[in-house]
Amino acid sequence: MLSRTSEYALRAVAFLASRPGAAWTVQQVAAETRVPRGYLAKVLQQLVRADLVRSQRGVGGGFALARPPSSIAVLEVLNAVHPIRRIRSCPLDLPEHRGILCALHRRLDDAYATIEETFGRTRLSELVGAPLRRGAPPPWPRASEPGATRRRGRA
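All values reported here derive from a predicted model rather than from experimental measurement.

Cut-offs and rules
Numbers given to residues run from 1 along each chain, matching the order in which its sequence is written. Under the rules for a predicted model, residues below a pLDDT of 70 receive no local features and side-chain atom pairs below 80 are neither given nor counted, while totals for whole chains, interfaces and linings still include all residues. As a convention, hydrogens and water are excluded, and side-chain values are obtained from all of the structure's heavy atoms. Under the DSSP-based scheme used, a helix requires at least four consecutive residues in state H or I and a strand at least two consecutive residues in state E, with every element numbered from the N terminus. Each residue gets one of three labels from its accessible area relative to the maximum for its type: buried under 20%, exposed over 50%, partly exposed in between, using a 1.4 Å probe on protein chains only. Whether two residues touch is decided by their heavy atoms; if any such pair falls within 4.5 Å, the residues are in contact. Computed by Shrake-Rupley with a 1.4 Å probe, the accessible areas treat only the displayed protein chains as cover when residues are assessed. Nine residue types can take part in a nonpolar core, namely buried Ala, Val, Leu, Ile, Met, Phe, Trp, Tyr and Cys, and a core is a set of them joined through side-chain atoms within 4.5 Å. In this analysis, strands are considered paired if DSSP registers two or more bridges between them.

## Brief notes about the overall build of the protein chain
Check the secondary structure of the protein chain and you find six helices and two strands. Secondary structure elements in the protein chain, listed N-terminal to C-terminal, are α-α-α-β-β-α-α-α. Put simply, the protein chain has 155 residues, and 37% of those count as buried. When contacts within the protein chain are restricted to residue pairs at least 6 apart in sequence, those whose partners lie at least 24 apart make up 66%. A total accessible area of about 9,800 Å² is found for the protein chain, and carbon and sulfur atoms account for 53% of it.

## Quick notes on the environment of L10
Here L10 lies in helix α1 (residues 4–18). Note on L10: relative accessible area 16%, which makes it buried. Residues L10 and V74, spaced 64 residues apart in sequence, show a C-alpha to C-alpha distance of 7.7 Å. Excluding residues that lie within four positions of it along the chain, L10 makes contacts with L2, V74, V77 and L78.

## Section: the nonpolar core
Soluble globular proteins: nonpolar side chains tend toward being buried together. Membership of the largest hydrophobic core comes to 31 residues, with the highest contact counts inside it found for L40, L47, V53, L65 and V77. Where this core is concerned, the elements lending two or more residues are α1, α2 (26–33), α3 (37–49), β2 (62–65) and α4 (74–81). Tallying contributions element by element places α1 first for this core, with eight residues. Leave out the neighbours within four places in its chain, and L47 touches A9, V13, L52, V53, V77, A80 and V81.

## Overview of the pairing of β2
Regular strands place their side chains on alternate faces of the sheet. Here β2 shows a buried face lined by G62 and A64 and a second buried face lined by F63 and L65. In terms of strand pairing, strand β1 (residues 53–56) meets β2 through four bridges, oriented antiparallel. Residue pairing for β2: Q56 is matched across the bridge by G62. Hairpin connection between β1 and β2: a loop of five residues separates the two successive antiparallel strands, and G58 in this loop has a positive phi of roughly 95°.

## A closer look at unusual backbone geometry
Positive phi, normally seen in glycine, also occurs at R34, with a value near 60°. One can find R34 in the loop between α2 and α3. In this structure, D51 is a non-glycine residue whose phi angle is positive, near 60°. Note on placement: D51 falls in the loop between α3 and β1. Looking at D51, the relative accessible area reads 54%, which means it is exposed.

Structure follows, in structure tokens:
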């Protein structure tokens, strides 16, 4: 359902939200979230342009959230990198569907609307705010931990 870019953006902002007050390099974020560094750099730049993440060059520089996690909606993150595309007209361009959506596409668009509404209400702080049980694995494997080798297939 979510694009790879969207998933990578959510991993990155969740990582940054779980470690407030510090700037993290692309290399550090990529290693901790298991996102390819080059891809992540582009995703982080999109998040910077959307004013969700700030970047600082130089020694001690890196990336950090631009706002508190409680003020960032998941939908903002998704819209910054790969917005949910609503169905506005018949994807098949059928003449009899001009100006209206058939039952199938209306239901699909209703589902997209529900997803947008849910992601619009969900704050980044909700994704990282719940404490982990003692000994529970982190929300993503750390590159430095055993078993953190890259899985095959989709990320």
